[in-house]
Amino acid sequence: MDLDFTAAHEEFARRARAWLAAHVPPRPLPSLETEEGFAAHRDWEGELAADRWSVVSWPEEYGGRGAGIVEWLLFEEEYWAAGAPGRVSQNGISLLAPTLFDFGTPEQRARLLPPMARGETIWAQAWSEPEAGSDLASLRATARRACGGWVLNGQKTWSSRAAFADRAFGLFRSDPTADRPHRGLTYLMFPLDADGVTVRPIGRLDGKPAFAELFLDDVFVPDDDVIGEPGHGWRIAMSATGDERGLTLRPPGRFLATAGRLVREWRAHGDPSDTALRDRVADAVIGARAYQLFTWAGVARGAAGESLGAESSLNKVFWSEHDIAVHETALDLLGTECGEWTEGYVFALAGPIYAGTNEIQRDLVAERLLGLPKGRR
Amino acid sequence: MRFLLDDEQRAFARSLDGMLTAAGTPAAARAWAAGEHAPGLAVWRGLGAAGVFALAAPEEHAGVGPLPVETAVAFVELGRHAVPGPLVETVASVTLLSRLAELGVPDPAKRLLPGLVDGSAAATLTLTGTSTSTSTGTGTGTGTRALDADAATVLLAAGDGEVRLAPGHTDPRASLDPARRSAALLPGGERLASGTHADAATRRALDWAALATAAQCLGVGYALLDRTVAYVRGRTQFGAPVGSFQAVKHRLADVLVGLAFARPLVFGAAVSLAGGGDRQAEVDLAAAKVAAGDAAHHAARAALQLHGALGYTAEYDLSLWLLKARALRGAWGGAGEWRGRVVRAVGG
């Protein structure tokens, strides 16, 4: 049992560190949930891509470096430690790309991945609907067969980044006669400026248009923009959530960097006699280290051929609650005036809700990891 | 990077698990609480024969170590089986004496280690004063009281720039965990070391005590979780297993989250300790101590609640782990002290 990295891994991390030191903007970019900030973050994606640092784990032919999971995690540690900007391409890179690698055609990969890597196409997700949230399989938006493609109708909502993004991907009901709700769904992609698409931005808690509603009215999608077999969308979408290559893991580097920042704030501004607050600063450090080591343990098990499966639900509950606690501590230390910590706090508050609510994750932990019987949700 | 127990380490855990299951440790723990040490000391000799105490000692003193990862593996099993006795204190004493030998004071190790390593003797240890750590040094040890002194033949008092063999102890007093009785060590006795040597050896003992306590907490927590999962699967109310209700499921899911994220901290601390006592090791040991103590405590609270009144009875074996989880959380320094250490030691 060890935590030692090979010379090649160390070298990879050193090169990332050197590049980041030379390129990370000296001042934080404007919030990526604003039009101005979105554009600035898109430019940053281009700068990363120009030197092949935007998607290190992808094959070189699509703009990556073919990095393994250890290198990718080390890159992420360096990335966040350097104070680099948030990733506006996150949805595409971590959710759509793994699906394209596993289920897309060579034509789709060649056409879609390089502009994603360069930040030229920013992707939004189109999963949830007004009546289909945690119970996603009950979704109603339809895909009707048409000559050479499909016609989409219905409404999607809580579509992160859709206010300023270029394209979206999601699930649509293509076979209304299928016997079970999660059958007869098809995974499709469409431009957000296509005829028949209306994007209505929604202000999150602080008013910034971080997500949007999408209204689809006879939107034509060519067959080329279907991923995998029509009717098999559920399996395809779910497989991306547990992607074994680790492209979708929430990397610990971000939490390590945030904990380090909080410790510096504490040393600069904390009252040493306030041991209650000091204990919460300690918990930020402890939680980030726990998450980092949990991740390395998962990587080691993956390398040994073990499947992690429902453990991703443990992960999600842990980091989302940790993230809120850390930001709560920062606000108690520094106050609630607008700045990096308040922006981070508002973002953190969404964590237990998106990507499968923590209530759903706890059900999965209890049923799949502890073996408790299924019950009513 | 291979942050994973190897086959040999897993086999070691399985063999200890098998041995302790066969030994009937709950009965030994109850006897221990009643002051009858014989069944517990029989288990103790078995642990010695299995090499548990040799893991902390170097080869020149009858050991096979120092092996912190294997020690953590063993202590998870000791916690899982609610094994009574001054386990942490003995391992900490072994490392203290080993460190003194490294520093050129070999006589105490030569004299005392063989018995401690082979399981024919047990040690207890108290830390006192300000020299015990790089921190404030307050509140370490069992409040300067010695655990299970009446079952130990080696009574060590460390701190304030000296390590001594105490000549005896006061009458043991009961504590919340009836299997953990504490006494004060008497003043005087033989001074084994003083000054910087004593301080360095005492720091080593504290590091290993933190690791072993954290690992023991983890095992206690997993035992509580496993027993509670089994119970709620079988217990039926309103025509359904209570484990099918969301309120029950979610509470147990949170217990698993706590334990699953404490576990890598415990083994991370062991790896850091094996790599030398650097700053990362100091953070990792403190993090493990805090997280495992909290996780076991939360497991205990959930286990009691979900067992209902049954769990509140002394007769039911769950009580052995419930009370141990609470006692271990504060053993070798409370969570506040260790959290303070995290903030002081971490880079920023």
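The rules behind the values
Residues numbered from 1 in each chain as written. Chains lettered and ligands numbered in written order. Predicted model: local features only at pLDDT ≥ 70, side-chain atom pairs only at ≥ 80, totals over all residues. Helix = DSSP H or I, 4+ residues; strand = E, 2+ residues; numbered from the N terminus. Rg over C-alpha atoms; globule rule 2.2 N^0.38 Å. Buried ≥ 20, exposed ≤ 12 C-beta atoms within 10 Å, placed from the backbone. Domains from an automatic or database assignment. Contact = placed C-beta atoms within 7 Å. Nonpolar A, V, L, I, M, F, W, Y, C, P; charged D, E, K, R; others polar. Core = buried A, V, L, I, M, F, W, Y, C linked by C-beta atoms within 7 Å. Expected span 1.5 Å × (residues − 1). Axes fitted to C-alpha atoms, helices over the stretch in contact; angles between N-to-C directions. Left-handed = near helix turned anticlockwise from the far one by under 90°. Pairing = 2+ DSSP bridges.

Novice: Looking at this structure, how should I read the overall build of chain A?
Specialist: From N to C terminus, chain A includes eleven helices and eight strands. The C-alpha radius of gyration computed for chain A amounts to 21 Å, which stays within 12% of the reference 21 Å derived for 377 residues, consistent with globular compactness. On the principal axes, the C-alpha backbone points of chain A span a range of 70 × 50 × 45 Å. For chain A, the proportion of its 377 residues judged to be buried stands at 46%.

Novice: Is there a simple way to think about the domain arrangement of chain B in this case?
Specialist: By a widely used convention, the size of an interface equals the accessible area lost when the partners come together. Residues and elements named next belong to chain B. What the domain assignment reports for chain B is domain 1 (7–202) and domain 2 (213–345). The centre of domain 1, based on its C-alpha atoms, is set 22 Å off from the matching centre of domain 2. On the side of domain 2, 30 residues touch domain 1, which itself brings 22 residues to the contact. Among the elements of the structure, α2 (25–33) and α4 (68–80) are those that each provide at least two residues to the side of domain 1 that touches domain 2. Among the elements that take part in the side of domain 1 that touches domain 2, α4 stands out by supplying nine residues, more than any other. A class-by-class count of the residues in the side of domain 1 that touches domain 2 yields eleven nonpolar, seven polar and four charged.

Novice: Help me understand the nonpolar core, please; the structure alone is not making it clear to me.
Specialist: Across soluble globular proteins, nonpolar side chains show a tendency to be buried alongside one another. Residues and elements named next belong to chain B. Core analysis: the biggest nonpolar cluster contains 234 residues, and L211 and V266 have the highest contact counts within it. With 20 residues, helix α7 (residues 195–234) is the single largest residue contributor to this core. The contacts of L211, once residues within four sequence positions are left out, are P68, T71, A72, A269, A270, L273, L285 and A288.

Novice: Any chance you could explain helix α5 (residues 87–102) of chain B here in plain terms?
Specialist: Side chains of residues three or four places apart in an α-helix project in the same direction, reflecting 3.6 residues per turn. Residues and elements named next belong to chain B. The terminal C-alpha atoms of α5 lie 23 Å apart, and with 16 residues this matches the ideal 22 Å at 1.5 Å per residue to within 8%. Of all 16 residues in α5, 15 are buried; the element is thus mostly enclosed. Two residues or fewer after α5 comes G104, characterised by a positive phi angle close to 95 degrees.

Novice: When you look at the environment of A257 of chain A in this model, what are you seeing that I'm missing?
Specialist: Summarising the element assignment, A257 of chain A is placed in helix α7 (residues 253–269). Once residues within four sequence positions are removed from consideration, A257 of chain A is found in contact with W80 and A81 of chain A.

Novice: Got a minute to help me understand α2 of chain B in this structure?
Specialist: All names here are of chain B. Of all the positions in α2, only T25, A28, A29, R30, W32 and A33 are classed as buried. Of the surrounding secondary structure, the elements contacted by the buried residues of α2 are α1 (7–23), α3 (38–49) and α10 (318–330). Of the residues one or two after α2, G35 is the one with positive phi, at around 85 degrees.

Novice: Help me understand the interface of chain A and chain B, please; the structure alone is not making it clear to me.
Specialist: At the interface, 42 residues of chain A touch 41 residues of chain B. Going through the elements one at a time, α7, α8 (275–303), α9 (311–334) and α11 (358–369) of chain A are the ones with two or more residues in the side of chain A that touches chain B. The element that contributes the greatest number of residues to the side of chain A that touches chain B is α8 of chain A, accounting for 16 residues. Each residue belonging to the side of chain A that touches chain B can be placed in one class, and the counts come to 27 nonpolar, four polar and eleven charged.

Novice: What should I look at first to understand the packing of α7 of chain B against α10 of chain B in this one?
Specialist: What describes two packed helices is the angle between their axes and the distance between those same axes. All names here are of chain B. At a closest axis distance of 10 Å, the pairing of α7 and α10 adopts a crossing angle of 145 degrees. In this structure, the crossing between α7 and α10 has a hand that is left-handed. Listed contacts from α10 to T213, Q216, C217, V220, G221, A223, L224 and R227 of α7 are L318, W321, K324, A325 and L328. Residue classes in the contact of α7 with α10 are distributed as eight nonpolar, three polar and two charged.

Novice: For this particular structure, what's the right way to read the pairing of strand β4 (residues 167–173) of chain A?
Specialist: Successive residues of a regular strand alternate their side chains across the two faces of the sheet. Residues and elements named next belong to chain A. Among the seven residues in β4, seven count as buried, and that is most of the element. Pairing analysis gives four bridges linking strand β1 (residues 123–126) to β4, with the strands arranged parallel. Bridge pairing in β4 links A126 to G170. In terms of strand pairing, β4 meets strand β5 (residues 185–191) through seven bridges, oriented antiparallel. If you follow G170 over to β5, its bridge partner there is L188.

Novice: Explanation requested: the environment of L277 of chain A in the structure shown.
Specialist: Tracing the chain through its elements places L277 of chain A in helix α8. As for L277 of chain A and A366 of chain A, which are separated by 89 residues in sequence, their C-alpha atoms are 32 Å apart.

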